Amino acid sequence: QVQLVESGGGLVQPGGSLRLSCAASGSIFSIHVMGWYRQAPGKQRELVALSTSDGNTNYADSVKGRSTISRDNAKNTVFLQMNSLKPEDTAVYYCNADLKRRADGPVFRYWGQGTQVTVSS
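Conventions adopted
- Residues numbered from 1 in each chain as written.
- Predicted model: local features only at pLDDT ≥ 70, side-chain atom pairs only at ≥ 80, totals over all residues.
- Heavy atoms only, no water.
- Disulfide = S-S within 2.5 Å.
- Helix = DSSP H or I, 4+ residues; strand = E, 2+ residues; numbered from the N terminus.
- Buried < 20%, exposed > 50% of the residue type's maximum accessible area, 1.4 Å probe, protein only.
- Pairing = 2+ DSSP bridges.
- Polar contact = N/O pair within 3.5 Å; in protein donor to acceptor, adjacent residues only side chain to side chain.
- Contact = heavy atoms within 4.5 Å.
- Salt bridge = Lys/Arg side-chain N within 4 Å of Asp/Glu carboxyl O.

Bringing the state of the cysteines into the picture now. Scanning the model with the defined rule gives one disulfide in all. There is a disulfide in this structure between Cys-22 and Cys-95, and the S-S distance comes to 2.0 Å. Handedness here is read from the sign of the S-S torsion; for Cys-22 and Cys-95, about -75°, the answer is left-handed. With Cys-22 in strand β3 (residues 18-26) and Cys-95 in strand β9 (residues 91-100), the pair connects residues that are 73 residues apart, well separated along the chain. Take Cys-22: its relative accessible area is 0%, and that puts it in the buried class.

As structure tokens, this is what we get:
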């Protein structure tokens, strides 16, 4: 069993900042990619940022320069620091992880339950 638990969402004013956290726990051998996606009402889920095990990162154009993804590999945790937040950043933010549960096993993708981020004055 693997669980991803997000925290850090909430209501913030435009121009403000938030730091999201996501901790993976359970039977985990290795984590390859951890990332953040978001889904606004009436829209498809979209990539926000991802971080690979070898240190590479990728950001959506809409958040580039305003957000930073980081990882604590020892704690199987990924963070998303978001600055200069805009109303259009309002969405449910989901954490995901591509991981192996054993050395010779396949890579599976797991998702967290989501955390609401609302940017409004």
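What follows continues from the structure just given.
A separate point is the pairing of strand β1 (residues 2-7). With burial as the criterion, only one face of β1 is covered, namely that bearing Val-2, Leu-4 and Glu-6; the residues Gln-3, Val-5 and Ser-7 on the opposite face remain uncovered. Where β1 and β3 come together, six bridges link them in antiparallel fashion. In the sheet register, Val-2 faces β3, and the bridge partner there is Gly-26.

Attention now goes to the side chain of Thr-115. Tracing the chain through its elements places Thr-115 in strand β11 (residues 115-119). Reaching out from Thr-115, the side chain makes a polar contact with the backbone nitrogen of Gly-9 at a distance of 3.4 Å. Leaving out residues up to four positions away in the same chain, Thr-115 has contacts with Glu-6, Gly-9, Leu-20, Ala-91, Val-92 and Tyr-93.

Moving on, we get to the pattern of salt bridges. A full pass over the atoms with the stated rule returns six salt bridges. Two residues, Arg-66 and Asp-89, come together in a salt bridge whose shortest N-O distance is 2.8 Å. Highlighted residues: Arg-66 in the loop between β6 (57-59) and β7 (67-72) and Asp-89 in the loop between β8 (77-82) and β9, separated in sequence by 23 residues. Take Arg-66 and Asp-89: they sit in the same class, and that class is buried.

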